[in-house]
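Below are the chains, spelled out letter by letter.
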Amino acid sequence: MAWTSDSKSAMYYQGQEAPGSTEVAEPVANFLKWLYHFIEKNEIYHVETMYEDGFYKISEFYYKDRPWPAPEEVQSIVEEKDAGSIFMILYRELYYRHIYAKLKPTLNHRFESFSNYCELFSYLLGADEPVQIELPNKWLWDIIDEFVYQFQSFQQFRSKGTKMSEEEKGMLQDEENSWKVTAVLNILMQLTEKSNINDQLRALEAGEPITEEVAGEFGIKPVYAMTGFFSLVGLLRLYCLLGDYHMALSCIKHVQFKDKDMMALVPACQITANYYAGFAYFMIRKYANTIQLYQHILGYMQRTKQFFQNRSFQAEDINKKNDQMLALLAIANTFCPLRLDESVNIQIKEKQGEKVNRLQHDRDMTVYDDLFFSGCPKFLSPVVSENPTPFGTSGPRGLQLQVFKAEVEQQRLIPTLRSFLKLYTSIP
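Since the model is a prediction, treat every value here as computed from it, not as a measurement.

Caption draft 1: Spotlight on the nonpolar core. Counting residues in hydrophobic clusters, the biggest one holds 138 residues, and the most contacted among them are Trp68, Phe229, Phe279, Phe282 and Phe372. In terms of residue count, the dominant contributor to this core is helix H12 (residues 222-242) (14 residues). The contact partners of Trp68, leaving out residues within four places of it in the chain, are Val28, Phe31, Leu32, Phe55, Ile58, Ser59, Tyr63, Tyr91, Tyr95 and His98.

Caption draft 2: Region of interest: the environment of Leu238. Counting through the fold element by element, Leu238 comes out in helix H12. Residues Leu238 and Val184 lie 54 residues apart in sequence; the distance between their C-alpha atoms is 9.1 Å.

Caption draft 3: Inspection of helix H10 (residues 197-205) at higher detail. Buried within H10 we find Ile197, Gln200, Leu201 and Ala203. Within H10, the buried residues cover an arc of 155° as seen down the axis, which keeps them to one side. Next to the buried residues of H10 lie helix H9 (181-195), helix H11 (212-219) and H12. Downstream of H10 by one or two residues, Gly207 has phi in the positive range, about 75°.

Caption draft 4: Geometry of the pattern of salt bridges. Under the defined criterion, the tally for this structure stands at 13 salt bridges. One salt bridge in this structure joins Arg92 and Glu119, with 3.7 Å as the shortest N-O distance. Of this pair, Arg92 sits in helix H5 (residues 86-102) while Glu119 is found in helix H6 (residues 107-125), placing the two residues 27 residues apart along the sequence. A relative accessible area of 33% places Glu119 in the partly exposed class. Of the charged contacts, one joins Arg97 and Glu93 as a salt bridge, the two residues approaching to 2.7 Å between their closest N and O atoms. Here the residue Arg97 and the residue Glu93 both occupy positions in helix H5, the gap between them amounting to four residues, near one helical turn.

Rules of the game
- Residues numbered from 1 in each chain as written.
- Predicted model: local features only at pLDDT ≥ 70, side-chain atom pairs only at ≥ 80, totals over all residues.
- Heavy atoms only, no water.
- Core = buried A, V, L, I, M, F, W, Y, C linked by side-chain atoms within 4.5 Å.
- Buried < 20%, exposed > 50% of the residue type's maximum accessible area, 1.4 Å probe, protein only.
- Helix = DSSP H or I, 4+ residues; strand = E, 2+ residues; numbered from the N terminus.
- Contact = heavy atoms within 4.5 Å.
- Arc of directions from axis to C-beta.
- Salt bridge = Lys/Arg side-chain N within 4 Å of Asp/Glu carboxyl O.

Any link to function would need more than the numbers given here.
Dropping the structure here:
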């Protein structure tokens, strides 16, 4: 049976089983068999179509409020003998990601997902020669992005402290090596080193071609090069969450924020990289850099808005990032007034117009706080405490707010000084 658009459409929606049935619907089984076939045959074009279109359509139609079939059941459906095969590892990655997105993961889900990520990364990092599998860039990005997100989610879960049951506390002690910050950082760093991605980016900066001599035996393969690049963005994000902004920016010092750069191959990666890089510059007082990055990416998001709105599973995240950047841009432009693009100015006025007016005229500290909380990420503590602090104004978020407020106090008088200087320079 050949794979065509007609067979794809039939596979998604034809079948007698209702979406709420406990049995695996025939279209779902067909989808899994085809996905298994194309991954085994390395037919990346079909894998990309099934991943970017089929997986999300089936999720919405059959699994909107329940998990996908258990990995053991899928192993039987596709007749895969090895539970540790790359297909089963990839399926489990999708399975747990769906639980995080649509349901509430249990502590066991969190541990099992971490173990599966370790298997996946060991598959790439532990090979004596490059693995032969090819995956779409979007899937590779989603793997790294989800890996960092699940780490962040686990740390937030731990912050519940006294709200956890005794059983959950015992499980955390038994699995104390799961989702450790050092483990997550180490994996991302190993992925960048395996691919020689920084050497590749230096070559691109110099206008040189990427050869095997530059990229190495592994880095010349797209699956390693792109995973390494996405890991740099993952490190940028992770260091920002931990409050180490100089280290965050050092991870991307060779990355060129251009529309034709590697990150432009996956729009979600481009938006994430610009947001966290801009935020890191913001926190080290390089407001002009923040404004430059945010103007560029907000304009890009405005031009491609329809593309994301047609993908409901991405639209919510993209809209949130858009609002966060507008809030931070409003502050940055108060501290470092620069001419903004008209389209960006209009967005700021629509979303934050009243607060911007209060900043310019009243210098109201509560407005700075509101805008900062609206724009900042959910910070993490690099140290696991015996008595974790909630993720509110008294935890890691509150600590970063204090750093920001100290800067606000220094900046508040600058506009007044600027106006006096303009007055005196205008006196003949």
